[in-house]
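Listed here are the chains, written in short residue letters.
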Amino acid sequence: MKEVAKQLSDFEGKRLLITGGASGIGLATVNHFLSKGAKVAVFDINQEGLTKLENQYQQDLLTMEGDVRRANEIARALDIMVEEWDGIDILVYSAGIFPDMRIIDMEEEEWDRVLDINLKGAFLTCRNVAQRMIAQRSGGHIVTISSGSYQSARIGSGHYCASKAGLVMLTKVLAFELADYGIQVNSIAPGLVESELLDPSYVQTFSKRIPLGRPAKPTEVSGAIEMITSSLNTYMTGQIIPIDGGLSSGHYGLP
Ligand code: NAD
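A few points on the structure.

Thresholds, definitions, all that
- Residue indices begin from 1 for each chain and proceed along its sequence in written order.
- Side-chain atom pairs in this predicted model are given and counted only at pLDDT of 80 or more, local residue features only at pLDDT of at least 70, and totals for whole chains, interfaces and linings cover all residues.
- Only buried residues count toward a nonpolar core: Ala, Val, Leu, Ile, Met, Phe, Trp, Tyr and Cys, linked into one set through C-beta atoms within 7 Å.
- Our exposure labels follow a C-beta count within 10 Å of each residue's own C-beta, placed from the backbone: buried means 20 or more other C-beta atoms, exposed means 12 or fewer, and partly exposed covers the counts in between.
- Starting at the N terminus, helices and strands are each numbered in turn, a helix being any DSSP run of H or I of at least four residues and a strand any DSSP run of E of at least two.
- Placing C-beta atoms from the backbone, we regard two residues as in contact once those atoms come within 7 Å.
- Being paired, for any two strands, means DSSP has found at least two bridges between them.
- Axes here refer to lines fitted to C-alpha atoms; in helices the fit is confined to the stretch in contact. Angles between the N-to-C directions go from 0 to 180 degrees.
- Contact assignment follows one rule, namely that a residue is near a molecule or strand if its backbone-placed C-beta atom lies within 6 Å of it.
- Basically, the charged four are Asp, Glu, Lys and Arg, the nonpolar ten are Ala, Val, Leu, Ile, Met, Phe, Trp, Tyr, Cys and Pro, and anything else, Gly included, counts as polar.
- Handedness is read with the strands pointing away from the viewer; a crossover is right-handed when the path from the first strand over the helix to the second is clockwise.
- Roughly parallel means an angle under 35 degrees; roughly antiparallel, over 145; roughly perpendicular, 65 to 115; everything else is oblique.
- Left-handed describes a crossing whose near helix is turned anticlockwise from the far helix by less than a right angle; the clockwise case is right-handed.

**Some points on the nonpolar core**
Membership of the largest hydrophobic core comes to 55 residues, with the highest contact counts inside it found for Leu 16, Leu 17, Val 42 and Leu 91. Element by element, the count of residues in this core is highest for helix α5 (residues 108-136), at eight residues. Not counting residues up to four positions away in its chain, the partners in contact with Val 42 are Ile 18, Gly 21, Ala 22, Val 30, Leu 50, Leu 53, Thr 63 and Met 64.

**Focus on unusual backbone geometry**
Positive phi values are uncommon outside glycine, yet Asp 60 reaches one of about 65 degrees. The class for Asp 60 is partly exposed, based on 16 C-beta atoms found within 10 Å. In this structure, Asp 86 takes a positive phi of about 65 degrees despite not being glycine. Note that Asp 86 resides in the loop between α4 (71-85) and β4 (90-93).

**Points about the sheet that holds strand β1 (residues 15-19)**
Spatial ordering of the open sheet is given by β3-β2-β1-β4-β5-β6-β7, a layout of seven strands whose pairing is parallel. Looking at which strands have only one partner, the edges of the open sheet turn out to be β3 (61-65) and β7 (240-243). Each strand axis lies, on average, 15 degrees off the axis of its neighbour in the sheet, ignoring direction. Across four bridges, β1 lies against β4 in parallel orientation. Looking at β4, one finds that Thr 19 is bridged to Tyr 93. Together, β1, β2 (39-44), β3, β4, β5 (140-145) and β6 (183-190) form the strand contacts of helix α2 (residues 24-35), whose direction differs from that of β1 by roughly 165 degrees.

**Re the environment of Gln 59**
Looking at the element boundaries, Gln 59 is found in the loop between α3 (47-56) and β3. The spatial distance from the C-alpha of Gln 59 to the C-alpha of Pro 218 is 23 Å, given a sequence separation of 159 residues.

**Quick word on the site of the ligand**
The ligand sits among 29 residues. The nearest are Gly 20, Ser 23, Gly 24, Gly 96 and Ser 195. In terms of residue count, the dominant contributor to the shell around the ligand is α2 (three residues). Residue composition of the shell around the ligand, by class: 14 nonpolar, 11 polar and four charged.

**Topic: the pairing of β1**
Here β1 lies mainly inside the structure; five of its five residues are buried. Covered by surrounding structure in β1 are Arg 15, Leu 17 and Thr 19 together with Leu 16 and Ile 18, the residues of both alternating faces. Between the parallel pair β1 and β2, the chain is carried across by α2, and the sense of this crossover is right-handed.

**Some points on the packing of α5 against helix α6 (residues 158-178)**
In helix packing, the relevant descriptors are the interaxial angle and the interaxial distance, both defined with respect to the helix axes. The geometry of α5 relative to α6 is characterised by a closest axis approach of 9 Å and an angle of 15 degrees between their N-to-C directions. One element, α5, and the other, α6, form an angle in the roughly parallel class. In this structure, α5 crosses over α6, and the sense of that crossing is right-handed. Here Glu 110, Trp 111, Val 114, Leu 115, Asn 118, Leu 119, Ala 122, Phe 123, Cys 126 and Ala 130 of α5 come into contact with α6, specifically with His 159, Tyr 160, Ala 162, Ser 163, Lys 164, Gly 166, Leu 167, Leu 170, Leu 174 and Leu 178. Partitioning the contact of α5 with α6 into residue classes produces 14 nonpolar, four polar and two charged.

**Points about the environment of Phe 43**
Assignment of secondary structure puts Phe 43 in strand β2. Distance in space between the C-alpha atoms of Phe 43 and Leu 212 is 32 Å, their sequence separation being 169 residues. The residues touching Phe 43, leaving out its near neighbours within four places in the chain, are Leu 17, Thr 19, Gly 21, Met 64, Gly 66 and Ala 77.

Shown next as structure tokens:
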């Protein structure tokens, strides 16, 4: 038993990059892994959130303001990380947006904005991280934060659902392509999580359909990220793990 507990907290000195780490699930993941002795680099467009983190932590933290849509900014962040810490062990891609708009009302620019941040940014980040992990020859973990929306339609979420379905397939194909290098790639698909992303009245209505009867706390998602990136997970890759209070197990989402 003691051995299991030790393995689960085996993150001392591990080097993480977390995109979208200035808020919500990403922020909970930053706090979670720093508390386990890891070194965490946070890449986010939200400078205010990054400054708060800088004020909170004096060591083992790198903050980098940048946009996941820009390959050169991602490359720069990784250059800094490698220069400071000599490599990367874990990527968590949590950057994302969730605007509400029906497809028939949607301008092309809005479609592109959501697909670019939620999906293309993941491609750009995973590609760069994977290249560096391959060069390091020490394996690694890549975790994308998708959503139950990858398999469940919702009015007003055409671009979001499409981006998350794409992210799931990006995750699975990457798992195949990186398996030979000992790099495991999985996705967490949250249902409803308390965060800045969602309107409180939407959370209240939606919660009634969740078997556990409430949204997840961001720390419940970061706990799942710990489980799949710990040294206990040596054989799971290419999987989409629902952290949704049972929502996706029901018949059409109904309890
Ligand atoms: P959040 O808004 O609290 O955090 C998202 C972070 O991404 C923010 O810090 C934001 O600044 C950053 N970001 C946005 N655009 C960016 C860009 N272009 N470049 C760099 N950073 C950028 O939201 P959250 O709830 O923590 O969501 C995290 C992920 O989880 C998202 O991908 C979201 O789709 C997914 N998710 C959330 C829920 C939920 O209920 N909150 C449910 C399912 C999936």
